[in-house]
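Here's the letter readout for the chains.
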Amino acid sequence: DRRELDAFTRCAATIATTMSITQGAARTLLTDAVALRDRLPLVAECLQDGVVTPHHIRTIVSRTELIEGQCYAALVDADGRGMHDRATTTTVIRT
């Protein structure tokens, strides 16, 4: 009995082996990465710039899973970009 694995499973196995983590943890990382690439590219920029941490990404991705394909999905991603803009704006304090 020869079993064929899909590309996602093979990629998760490679990640698991490379990072010495479980297959389940690797699948979660891969799921988050695909969501950031496809659904939340502006939030991905926030991660890249250090505005949000990898720990927060799991929460953001899981809380936005139901917006995929909805007309307001871009608004949610843009709100993530607004988070980035607020965090990188310099505040001038007047004395």
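Nothing here was measured: the structure is a model prediction, and the numbers come from that model. (Residues numbered from 1 in each chain as written. Predicted model: local features only at pLDDT ≥ 70, side-chain atom pairs only at ≥ 80, totals over all residues. Heavy atoms only, no water.)

K.L.:
Sorry, what's going on with the pattern of salt bridges here?
P.N.:
Side chains that differ in charge, positive against negative, can pair when their charged atoms come close. Per the stated rule, a full pass over the model turns up two salt bridges. Residues Asp32 and Arg58 are paired through a salt bridge, measuring 2.6 Å at the closest nitrogen-oxygen approach. Here Asp32, found in helix α2 (residues 23-38), pairs with Arg58, found in helix α4 (residues 54-63); they are 26 residues apart in sequence, far enough to count as distant. As a salt-bridge pair, Arg37 and Asp38 come within 2.6 Å of each other at their nearest N and O atoms. (Salt bridge = Lys/Arg side-chain N within 4 Å of Asp/Glu carboxyl O. Helix = DSSP H or I, 4+ residues; strand = E, 2+ residues; numbered from the N terminus.)

K.L.:
Where do I start with unusual backbone geometry in this structure?
P.N.:
Most of the time, phi is negative for any residue but glycine, and the peptide bond is trans. Unlike most non-glycine residues, Ser20 shows phi in positive territory, near 55°. As for its position among the elements, Ser20 is in the loop between α1 (7-19) and α2. Given a relative accessible area of 65%, Ser20 falls into the exposed group. (Buried < 20%, exposed > 50% of the residue type's maximum accessible area, 1.4 Å probe, protein only.)

K.L.:
Help me understand a nonpolar patch on the surface, please; the structure alone is not making it clear to me.
P.N.:
A cluster of nonpolar side chains, Tyr72, Leu75 and Val76, forms an exposed patch at the surface whose accessible area comes to about 280 Å². In this structure, Val76 sits in helix α5 (residues 73-88). (Patch = residues over 30% accessible without salt bridge, like charges linked within 9 Å, V, L, I, M, F, W, Y side chains within 5 Å. Areas by Shrake-Rupley, 256 points an atom, 1.4 Å probe, with all protein chains shown as cover.)

K.L.:
Please explain α1 as it appears in this structure.
P.N.:
Over its 13 residues, α1 extends 18 Å from the first C-alpha to the last, a length consistent with the 18 Å expected when each residue adds 1.5 Å. One or two residues past the end of α1 sits Ser20, with phi positive at roughly 55°. (Expected span 1.5 Å × (residues − 1).)

K.L.:
What should I look at first to understand the side chain of Thr64 in this one?
P.N.:
Assignment of secondary structure puts Thr64 in the loop between α4 and α5. In contact with Thr64, not counting residues within four places along its chain, are Arg39, Leu40 and Val76. (Contact = heavy atoms within 4.5 Å.)

K.L.:
What exactly am I supposed to notice about the nonpolar core here?
P.N.:
Nonpolar side chains tend toward joint burial in soluble globular proteins. Ala35, Leu36, Leu40, Val43, Cys46, Val52, Ile57 and Val61 together form the largest nonpolar core, which totals eight residues. At the level of elements, α2, α3 (41-48) and α4 are the ones that each hand at least two residues to this core. Residues contacting Ile57, with those up to four places away along its chain left out, are Asp32, Leu36, Val43, Leu47 and Val52. (Core = buried A, V, L, I, M, F, W, Y, C linked by side-chain atoms within 4.5 Å.)

K.L.:
How do you make sense of the environment of Gln23 when you look at a structure like this?
P.N.:
Of note, Gln23 is situated in helix α2. Separated by ten residues in the primary sequence, Gln23 and Ala13 have C-alpha atoms spaced 6.1 Å apart. Each residue touching Gln23, except ones within four places of it in the same chain, is listed here: Thr9, Ala12, Ala13 and Ala16.

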